[in-house]
Every structure is written in C-alpha cells, then in structure tokens.
Amino acid sequence: MKPNTLRHIFNVWPPFLLSGIHVTELAPDWSFARVELRMRPWNRNYVGTHFGGSLFAMTDPFWMILAKERLGRDYYVWDKAAEIEFVKPGKGTLHAEFRLDPHVLDEIRAETANGQKYLRWMPADVFNAQNEVVARVRKQIYVRLKPEARTAATG
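In this report, we go over the structure that sits alongside the text.

About the criteria used
- Residues numbered from 1 in each chain as written.
- Predicted model: local features only at pLDDT ≥ 70, side-chain atom pairs only at ≥ 80, totals over all residues.
- Heavy atoms only, no water.
- Buried < 20%, exposed > 50% of the residue type's maximum accessible area, 1.4 Å probe, protein only.
- Helix = DSSP H or I, 4+ residues; strand = E, 2+ residues; numbered from the N terminus.
- Arc of directions from axis to C-beta.
- Contact = heavy atoms within 4.5 Å.
- Salt bridge = Lys/Arg side-chain N within 4 Å of Asp/Glu carboxyl O.
- Pairing = 2+ DSSP bridges.
- Axes fitted to C-alpha atoms, helices over the stretch in contact; angles between N-to-C directions.
- Phe/Tyr/Trp six-rings, centres within 6.5 Å; stacked < 30°, edge-to-face > 60°.
- Lys NZ or Arg CZ within 6 Å of the ring centre and 35° of its normal.

Here we look at helix α5 (residues 102-112)
Part 1 of the reasoning: Looking only at α5, the buried set comprises V104, L105, I108 and T112. Angular distribution of buried residues about the axis of α5 spans 100°; they occupy a single face of the element. The exposed residues of α5 that point more than 90 degrees off its buried face are P102, H103 and A110.
Part 2 of the reasoning: Along its buried surface, α5 packs onto α4 (62-71), β3 (75-86), β5 (118-127) and β6 (133-145).

Structure (structure tokens):
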C-alpha cells in the first residue's frame, strides 16, 4: 500500500476519526509520520483536557508501521510494549512526529541478522501548539528476520 493511501484510510478510520486524530503526513519512503490530535467536545476528559487514551492512540501504530515498511517483507515487526508519561494537561491541537532514521534501521538489521529477535524502544513526544511536551510515549517494537530470509542470508 502507498503511504498516502494509508494516510487517507487512517483519516476516515472510525477509531481515529471519532477521536479527533488526523495523520497530516506520511512520507513517501515511510521514514516519517506526523499526527495531530484535535480537541473536540466528545474527546475531552472530565476536566476539559484531552483524554489520555486519545494521546496514546495517536502514537500507537506508527513506529511499528514505519519499521515494517522500511525493513520490508523479510521481517516480522510487532508492537511489544508501551509506556506513556503525562507531563502536563493537553489542550487545543496536539501533535507528534515519528522519524525513523537510517542508523536505527542499520542497528535493527545488524541485531537480527542471526535470526534472533530484537526489542527496541522508540520514543515519541506529544507537543501542544506552543511546542511544550504534553506527554512522553515509548513504544517497544519486536523485530525478527523471517526464517526463509535467514536461510537465504546464510545460504
């Protein structure tokens, strides 16, 4: 699937659409994503700020998707674990960016070359309009070279 197609699908996907989550950019080479969380009357919490679950949801799939697409079909890539730290109340439009640098991909390929699984923590901060950190999110991805690719690599 092309990144722009997936971006459009995300933006009409009910869990994102109804939460006010909007994918504003998904790079053609899968190296970058930018996501916004827009304040709506139905996504505010009891005290009038963004619901914490929406802050987490806006960051949920992106590290796994970027890594999976950049590494290609020879790798299993899954989400393994996640952490979120709420730093300050989130109000207005919030945003998060995900940039998968080539050196991270090189590290993953090196760590999985022998067929072992590799777990890597990937950080993503959520910012408000003043570029203040509202939340810190860490996602742990699981990566492993598929058996048929291991055989071909050592073959």
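Some details on the pattern of salt bridges
Part 1 of the reasoning: Within the structure shown, the criterion is met by ten salt bridges.
Part 2 of the reasoning: Note that K139 and D79 form a salt bridge whose closest N and O atoms lie 3.4 Å from each other. Residue K139 is found in strand β6, and its partner D79 is found in strand β3; the two are separated by 60 residues along the sequence.
Part 3 of the reasoning: Exposure remark for K139: the relative accessible area of 3% places this residue in the buried category.
Part 4 of the reasoning: The class of D79 is partly exposed, set by a relative accessible area of 33%.

A look at the sheet that holds β5
Part 1 of the reasoning: Pairing within the open sheet is antiparallel, and its six strands lie in the order β1-β2-β4-β5-β6-β3. Two strands bound the open sheet, and with one partner strand each, they are β1 (21-26) and β3. Going across the sheet, the axis of each strand differs from the next one's by a mean of 20°, ignoring polarity.
Part 2 of the reasoning: Taken together, the six bridges between strand β2 (residues 32-37) and strand β4 (residues 94-99) define a ladder with antiparallel strand orientation. Across the sheet, V35 pairs through a bridge with A96, a residue of β4.
Part 3 of the reasoning: On the sheet, helix α3 (residues 52-59) packs against β1, β2, β3, β4, β5 and β6 and is oriented at approximately 25° with respect to β4.

Observations regarding the packing of aromatic side chains
Part 1 of the reasoning: Taken as a whole and assessed by the stated rule, the structure comprises seven aromatic pairs.
Part 2 of the reasoning: Taken together, the aromatic side chains of F10, W13, F16, F62, W63 and F98 make up a single cluster linked through ring pairs.
Part 3 of the reasoning: In this arrangement the basic side chain of R138 is found over the ring face of W121, its NZ or CZ atom lying 4.0 Å from the centre.
Part 4 of the reasoning: A cation over an aromatic ring shows up here: K146 above the ring of Y76, its NZ or CZ 5.4 Å from the ring centre.

Looking at the pairing of β6
Part 1 of the reasoning: Summarising burial for β6: ten of the 13 residues are buried, a large majority.
Part 2 of the reasoning: Where β3 and β6 come together, eleven bridges link them in antiparallel fashion. Looking at β6, one finds that E83 is bridged to R138.
Part 3 of the reasoning: Where β5 meets β6, ten bridges bridge the pair, whose relative direction is antiparallel. Across the sheet, the residue bridging to R120 is I141, located in β6.
Part 4 of the reasoning: Hairpin connection of β5 to β6: five residues between the antiparallel strands, including N131 at a positive phi of 60°.

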